[in-house]
Amino acid sequence: MKALPVEPSNVPVAIGSRIRAARQSQRLTIEQVADATGLTKGFLSRVERDLTSPSVASLVTLCQVLSVSVGDLFAAPETHLTKRNDGPRISLGGQGIVERLLTARSERRVQIIQACIEPHGRGESELYAVDCDVDVLHVIKGSIRLILTNEEYDLSAGDTVTFPGREPHTWINPTDKPVEVLWVLVPAASR
C-alpha cells in the first residue's frame, strides 16, 4: 500500500486576533505583555496583526502569560447557522403561535426563539415563568402586550423589554394582524 503524500496548506494560520482578544480581555497593554514575555512591543504588534509568526517557544511563553492554551489559538470555533424559517419548531405553550429555535439545541449559554403569533394569539392563560436568568422580548413586526405580575407593556415593532427570567408573565396579540417577535433567554431555558 502506497502512502499518499500530505501536502501542506498554503493558507496562513491567523491566530493574531485571538492573541489580541486574550490580551484585551485581561486589560493588558502590549507593553505589559512585552515586559512579561521578554518580547518586543513591535514584534507582538506584528503577531497580533498576523504579519509575522512567533516561534514555538515565543508562542508558548505568550500563551502562558495570557493564560490561554496553545491549542485554543488553532481550534475552529463552534458555529451554528440557522437560515430563515429553517429553525426546528418548538412549543413553549400558548395558542396561535409558531415558535422556531434559532440557536443550536446544544447551546446552553443563550437561547433565541422566533415566534410568529396569529391575530389574537396568546400565551398561557395563567402567568408562567421560564427557567432562565434573563428574558428579553423583541418585537420585529406588529404589536404585542406583555403581562407581568404587576405591570403590562404594550410593545410595537422595534420595542424591546428585558425582565428577570423567572418573573411570572404571559402575552397576547390584541390586534387583527400577525406579530413576529424574538425571545432571548439567558442562559438557555431548561423548560
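Right above here is the structure, for reference.
Remember, predicted model here, so these are calculated numbers, not experimental data.

Trainee: Would you take a moment to explain the packing of helix H1 (residues 16–25) against helix H4 (residues 56–66) for this structure?
Mentor: Helix packing for two helices is described by the angle between their axes and how far apart those axes are. Relative to each other, H1 and H4 sit at 30 degrees, their axes nearing to 10 Å. Regarding the angle of H1 to H4, the classification is roughly parallel. Of the two elements, H1 crosses H4, and the hand of that crossing is left-handed. The segment H1 lies against H4, with Ile19, Ala22 and Arg23 engaging Leu59, Leu62 and Leu66. Across the contact of H1 with H4, the residue classes break down as five nonpolar, no polar and one charged.

Trainee: Any chance you could explain the packing of helix H2 (residues 30–37) against helix H3 (residues 41–48) here in plain terms?
Mentor: H3 packs onto H2 with a crossing angle of 115 degrees between their chain directions and a minimal axis gap of 9 Å. Classified by the interaxial angle, the pair formed by H2 and H3 is roughly perpendicular. H2 and H3 meet at a crossing whose hand is right-handed. Residue-level contacts link Ile30, Glu31, Val33, Ala34 and Thr37 of H2 to Lys41, Leu44, Ser45 and Glu48 of H3.

Trainee: How should the nonpolar core be read in this particular structure?
Mentor: Burial of nonpolar side chains together is a common tendency in soluble globular proteins. Counting residues in each nonpolar core, the largest one holds 22 residues, and the members touching the most others are Ile117, Leu137, Ile144, Leu146, Val181 and Trp183. Going through the elements one at a time, strand S2 (95–101), strand S3 (111–122), strand S4 (134–141), strand S5 (143–148), strand S7 (160–164) and strand S9 (179–186) are the ones with two or more residues in this core. The dominant element in this core, judged by the number of residues it contributes, is S9, at four residues. When sequence neighbours within four positions are dropped, the list of residues in contact with Ile144 reads Ile117, Leu137, Val139, Tyr153, Asp154, Leu155, Trp171, Ile172, Pro174, Val179 and Val181. Formed by 14 residues, the second largest nonpolar core is a distinct cluster that contains Ile19, Ala34, Phe43 and Leu62.

Trainee: What should I look at first to understand unusual backbone geometry in this one?
Mentor: Glycine aside, residues mostly have negative phi angles, and peptide bonds mostly take the trans form. Following Val186, the chain continues into Pro187 via a peptide bond in cis, with omega recorded as -15 degrees. With a phi angle near 65 degrees, Asn85 is a residue other than glycine that sits in the positive phi range. Tracing the chain through its elements places Asn85 in the loop between helix H5 (70–74) and strand S1 (89–90).

Trainee: I'm lost on H3 in this one. Help?
Mentor: Given 3.6 residues per helical turn, the α-helix brings residues three or four places apart onto the same face. Taken together, the buried positions of H3 are occupied by Phe43, Leu44, Val47 and Glu48. Angularly, the buried residues of H3 cover 135 degrees about the axis, an arc narrow enough to put them on a single face. Packing partners of the buried residues in H3 comprise H1, H2 and H4. Looking one or two residues beyond H3, the residue adopting positive phi is Asp50, at roughly 55 degrees.

Trainee: What should I look at first to understand the pairing of S5 in this one?
Mentor: Two faces belong to every sheet, and in a regular strand the side chains alternate between them. Relative to strand S6 (residues 152–156), S5 runs antiparallel, the two sharing five bridges. Along S6, the bridge assignment pairs Ser143 with Ser156. Counting the residues in the hairpin turn of S5 and S6 gives three residues. Both S5 and strand S8 (residues 169–172) contribute to a ladder of four bridges, which runs antiparallel. The residue of S8 that forms the bridge with Arg145 is Ile172.

Calculation criteria
Residues numbered from 1 in each chain as written. Predicted model: local features only at pLDDT ≥ 70, side-chain atom pairs only at ≥ 80, totals over all residues. Heavy atoms only, no water. Axes fitted to C-alpha atoms, helices over the stretch in contact; angles between N-to-C directions. Helix = DSSP H or I, 4+ residues; strand = E, 2+ residues; numbered from the N terminus. Parallel < 35°, antiparallel > 145°, perpendicular 65-115°, else oblique. Left-handed = near helix turned anticlockwise from the far one by under 90°. Contact = heavy atoms within 4.5 Å. Nonpolar A, V, L, I, M, F, W, Y, C, P; charged D, E, K, R; others polar. Core = buried A, V, L, I, M, F, W, Y, C linked by side-chain atoms within 4.5 Å. Buried < 20%, exposed > 50% of the residue type's maximum accessible area, 1.4 Å probe, protein only. Arc of directions from axis to C-beta. Pairing = 2+ DSSP bridges.

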